[in-house]
Amino acid sequence: PFSNLLLRLPGANLAAHYLLGIHKARSFPRFERRNFPSWFRGHTPLGDGHRGPVLLFHDTFMDYNVPQTGIAATELLEKAGFRVELTDTVCCGRPMISKGFMSEAAVQAETNVARLYERARQGVFIVGCEPSCLLTLRDEYPELVQDPELQKQARVVAEQALLIDEFLAMLSANGELELTFNQTQDDGKQALFHGHCHQKALADPAKSLELLRLAGYQAEMANAVCCGMAGAFGYEKKHYEASKAA
């Protein structure tokens, strides 16, 4: 609450504009009082977990700004028969990579690979909701870590890392998706899906469309370019006009 109050104080945007380089027209995301890890520790699983464990790679925004994303993902995976566990990980390193702090990002990668490898070796899938974060494990980690043994481990982790739509679409394709959608409310509704840039580059937005259609939506892909935010890019005053133009 104190942080949110500070962000709403008169002049806070001007201070950010001149001291931090964040455009005064941008608003900061608010922090949720009950964060996602706190909710997770106290929640009662919705299923018996008979399908075994799945690791949820929870990103920073999920944890502190939009915990409803993590809650929804957890409940969906539990209803699909899985026992959801949160990863014991640090930041994926994507913000550091985007600003050129490669050595610092490598430390994050080494930490996460060491913590994820054993479960990945056992065949446990690592599922994420934020493409920029999850796909860092798949794309950058095998290149970021320098130790040969860690590189081998990073490749194992990368093979087990899937976006939640990829994971559920894989189960559906194998006839293993234990979910029954209530289509009476949403059947026939139209949905326009805006694909994430990292998802387009390194994954497949069609998996998201597939799941929307399974749930009864008439879904199609938006013919749209980058949203203009691209991490901190759209917040920075020097890029503000470019982000609006996108």
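Residues numbered from 1 in each chain as written. Predicted model: local features only at pLDDT ≥ 70, side-chain atom pairs only at ≥ 80, totals over all residues. Heavy atoms only, no water.

Asker: Break down the packing of aromatic side chains for me, citing the residues and quoting the values.
Answerer: Inspection of every chain in the model, using the stated rule, returns 5 aromatic pairs. Members of the aromatic cluster, connected to one another through ring pairs, are Phe36, Trp39 and Phe40. (Phe/Tyr/Trp six-rings, centres within 6.5 Å; stacked < 30°, edge-to-face > 60°.)

Asker: Just give me the short version of unusual backbone geometry, but keep the residues and values in it.
Answerer: At Ala230, a position not held by glycine, the phi torsion is positive, near 45°. Position of Ala230 among the secondary structure elements: in the loop between strand E6 (218-221) and helix H14 (240-245). (Helix = DSSP H or I, 4+ residues; strand = E, 2+ residues; numbered from the N terminus.)

Asker: So, the nonpolar core: which residues are in play, and what are the values?
Answerer: Judged by nonpolar contacts, the single largest core of 26 residues is most densely connected at Phe57, Ile126, Leu137, Tyr141, Leu144 and Val157. Look past the residues within four positions of Leu137 in its chain and what remains in contact with it is Phe57, Leu116, Ile126, Pro142, Val157, Ala158 and Ala161. Judged by nonpolar contacts, the second largest core, of 20 residues, contains Leu77, Val127, Phe167 and Leu171. (Core = buried A, V, L, I, M, F, W, Y, C linked by side-chain atoms within 4.5 Å. Buried < 20%, exposed > 50% of the residue type's maximum accessible area, 1.4 Å probe, protein only. Contact = heavy atoms within 4.5 Å.)

Asker: So, the packing of helix H5 (residues 67-79) against helix H11 (residues 164-173): which residues are in play, and what are the values?
Answerer: Orientation of H5 relative to H11, taken along the N-to-C sense of each, is 15°, at an axis distance of 12 Å. As the angle between them shows, H5 and H11 are arranged roughly parallel. At the point where H5 passes H11, the crossing takes the left-handed sense. Touching Ala73, Leu76 and Leu77 of H5 are Ile164, Phe167 and Leu168, all from H11. (Axes fitted to C-alpha atoms, helices over the stretch in contact; angles between N-to-C directions. Parallel < 35°, antiparallel > 145°, perpendicular 65-115°, else oblique. Left-handed = near helix turned anticlockwise from the far one by under 90°.)

It is worth stressing that arrangement in space is one thing and function is another; only the former is reported here.
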